[in-house]
Amino acid sequence: MSEKKSAVDGGNHAALWHGRFAEGPDAEAVAFETSIHVDSRMALDDIRGSIAHASMLGKTGIIPANEADEIAAELAKIAVEIKTGKIEIDTSAEDIHSFIEGVLTDRLGDIGRKLHTGRSRNDQIALDERLYLKHAVPDLRKAVTDLIAALIDIAEKNLNTLMSGYTHMQRAQPITLAHHLCAWSQMLVRDCCRLDDALKRIDFSPLGSGALAGSSLPINREMTAKDLDFSGVTPNSLDSVADRDYCIEFTSCFSILMTHLSRFSEEVIIWSTEEFKFIELSEKWSTGSSIMPQKKNPDFAELIRGRTGRVYGNLMVLLTMMKGLPLSYNRDLQEDKQSLFEAYDTVLSCVRIFTYMISSARWNKERMKASCVGGYANATDLADYLVRKGMPFRTAHAVVAGAVRKCIEKRKNLEDLTLSELREVTGTDLICNDVFEKIDPYMCAESRRTTGGPAQDKVREHIIELKRFIK
Ligand code: ARG
């Protein structure tokens, strides 16, 4: 018999609480209440927590030190066997805690039965979730900084690639592609900061809170916390087992991150249209149509935009599940993992896919530059020019608005007019020959030298800051 079989058939995988019950549960009841299909992804975290717990039990003399060592060694072996696939997780177990304890007890008998001393699955699950998030969230953060790096890379090559900036989806003022991409990067920086901040709040171990009221055994919570690299212990045992703020908080961080990806995806979709054509997605990150042979669609961007709804949905599930729960542990809390994990998996894959998609795209500089011509994106610059010549801004605004109206009738751009035509449409001779460089689209972007503006060295300064951040 393979070891795999004995782990499953060892007879110890009945529910951990079955002793209280004369009758076995109905198969449908078991299927309804188990969580192993969701929580088995925390198997290694569960084992890590159990090893720390066992060694604390040994060090405090609650169980003999040699038995604690035996438990820890066997658990370490089980971890390797799970990792290498030698042990398959038995999906008929109630949850990952029962399964691992069952395998241990199959192998060590009564010694294995000592592992759960001074512990409840209520503090165990709270611990496992925190341990899981403590390594999973940094993986996501890394994916986000990879995306920022990809955007910086494109930005650095496009510091003087002109494009129109938009408000209300109407051409507004000339900027550069670099300036635009750095705006998205800054949103992603905030996403990373939010994750970091939430990580700080989960860095406290709930282990030793027991079912709800700690333990009468002399367990040492600080010892296990230190062993598991937490910065401290949670200060109230009831709160420790009833708290799922972190699930809500991370899923809310994921939701905001998805909002950014969704908005950016929307832009990629618009930019891929024939009407805009600012960007051409690589074939690898596009799809075709089953009926229209010519089609090349931005489906990946659309799927990211679409999956955003699922992440928001998960946040809503968690908030609704928590609303009205009395202290302390209630089984409702088991429902947290499905939403948390689904949100995490979704956001992680979306960040990765977005990175591949955006870094393999081609940028159509000619089309972007053309968006600065027509649409009077330099009207503010003409007004600013008049302000510099002493005209009050409000007057300059009205003067240029009138000039734009006349240009629309003449079907001309401001920069197409001669000096005398410009004087005529504005009705002022404050305008001299130096106006033309001021209303040239490139100069319009370059002369906006305020901190955070589109001028090349201002964007370069921002890039330096972004690079410092992702390092
Ligand atoms: N599987 C449960 C959860 O995910 C932990 C077990 C606690 N069960 C209980 N009956 N107290 O929350």
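These numbers come from a predicted model, not from an experiment.

### Observations regarding the overall build of the protein chain
Here comes step 1: Regarding its fold elements, the protein chain presents 20 helices and six strands.
Here comes step 2: With the C-alpha coordinates aligned to their principal axes, the bounding extent of the protein chain is approximately 100 × 55 × 40 Å.
Here comes step 3: Looking at the protein chain as a whole, 49% of its 471 residues qualify as buried.
Here comes step 4: In the protein chain, the proportion of contacts linking residues at least 24 apart, taken out of those at least 6 apart, comes to 76%.
Here comes step 5: On the protein chain, roughly 22,600 Å² of surface is accessible, and the fraction owed to carbon and sulfur atoms is 53%.
Here comes step 6: Charge centroids of the protein chain, computed over 60 positive and 68 negative side chains, lie 7 Å from each other.

### So, the pairing of strand β2 (residues 170–176)
Here comes step 1: In this sheet, β2 lies alongside strand β1 (residues 162–167) in antiparallel orientation, the contact comprising six bridges. Opposite Y166, over in β2, you have R171 as the bridge partner.
Here comes step 2: Adjacent in sequence and paired antiparallel, β1 and β2 are bridged by two residues, among which H168 carries a positive phi angle near 55°.

### Observations regarding the packing of aromatic side chains
Here comes step 1: Summed over all chains, the structure comprises 13 aromatic pairs.
Here comes step 2: Centroid distance W17 to F21: 5.2 Å. Interplanar angle 70°. Geometry classified as edge-to-face.
Here comes step 3: Look at F21 and you get partly exposed, because its relative accessible area is 46%.
Here comes step 4: Taking 6.0 Å as the distance between ring centres and 55° as the angle between the ring planes, the aromatic pair formed by F254 and Y344 counts as tilted. Taken together, the positions of F254 in helix α11 (residues 245–271) and Y344 in helix α13 (residues 336–359) put the pair 90 residues apart, joining distant regions of the chain.
Here comes step 5: Among the residues examined, F254 registers a relative accessible area of 0% and is labelled buried.
Here comes step 6: Members of the aromatic cluster, connected to one another through ring pairs, are Y132, F250, F254, F341 and Y344.
Here comes step 7: Positioned over the ring face of F21 is R20, at 5.6 Å from the centre of the ring.

### Comments concerning the pattern of salt bridges
Opposite charge on two side chains allows them to pair when their charged atoms are near.
Here comes step 1: Within the structure shown, the criterion is met by 35 salt bridges.
Here comes step 2: The partner of E274 in a salt bridge is K277, and the shortest N-O contact between them spans 3.0 Å.
Here comes step 3: Judged by relative accessible area, E274 falls into the exposed class, the value being 57%.
Here comes step 4: Of the residues examined, K277 reaches a relative accessible area of 35% and is grouped as partly exposed.
Here comes step 5: Taken together, the shared-partner salt bridges in this structure form one network comprising E33, E94, D95, R121 and R331.

### Side note on the site of the ligand
Here comes step 1: All residues adjacent to the ligand are S35, D95, R121, N122, I125, Y329, Q334 and K337.
Here comes step 2: Note that a nitrogen atom of the ligand is positioned 2.8 Å from one of the side-chain N or O atoms of Q334.
Here comes step 3: In isolation the ligand has 350 Å² of accessible area, and contact with the protein removes 86% of it.
Here comes step 4: By residue number, the principal contributor to the shell around the ligand is helix α7 (residues 121–156), which donates three residues.

### So, the state of the cysteines
Here comes step 1: Following the criterion strictly, the structure yields zero disulfides and no others.
Here comes step 2: There is no disulfide at C372, and the cysteine sulfur nearest it, in C444, is 8.4 Å away.
Here comes step 3: Given a relative accessible area of 4%, C372 falls into the buried group.

Conventions we followed
- Residues numbered from 1 in each chain as written.
- Predicted model: local features only at pLDDT ≥ 70, side-chain atom pairs only at ≥ 80, totals over all residues.
- Heavy atoms only, no water.
- Helix = DSSP H or I, 4+ residues; strand = E, 2+ residues; numbered from the N terminus.
- Buried < 20%, exposed > 50% of the residue type's maximum accessible area, 1.4 Å probe, protein only.
- Contact = heavy atoms within 4.5 Å.
- Areas by Shrake-Rupley, 256 points an atom, 1.4 Å probe, with all protein chains shown as cover.
- Lys, Arg positive; Asp, Glu negative; His and termini not counted.
- Charge placed at Lys NZ, Arg CZ, Asp CG, Glu CD.
- Pairing = 2+ DSSP bridges.
- Phe/Tyr/Trp six-rings, centres within 6.5 Å; stacked < 30°, edge-to-face > 60°.
- Lys NZ or Arg CZ within 6 Å of the ring centre and 35° of its normal.
- Salt bridge = Lys/Arg side-chain N within 4 Å of Asp/Glu carboxyl O.
- Near = heavy atom within 4 Å.
- Polar contact = N/O pair within 3.5 Å; in protein donor to acceptor, adjacent residues only side chain to side chain.
- Disulfide = S-S within 2.5 Å.

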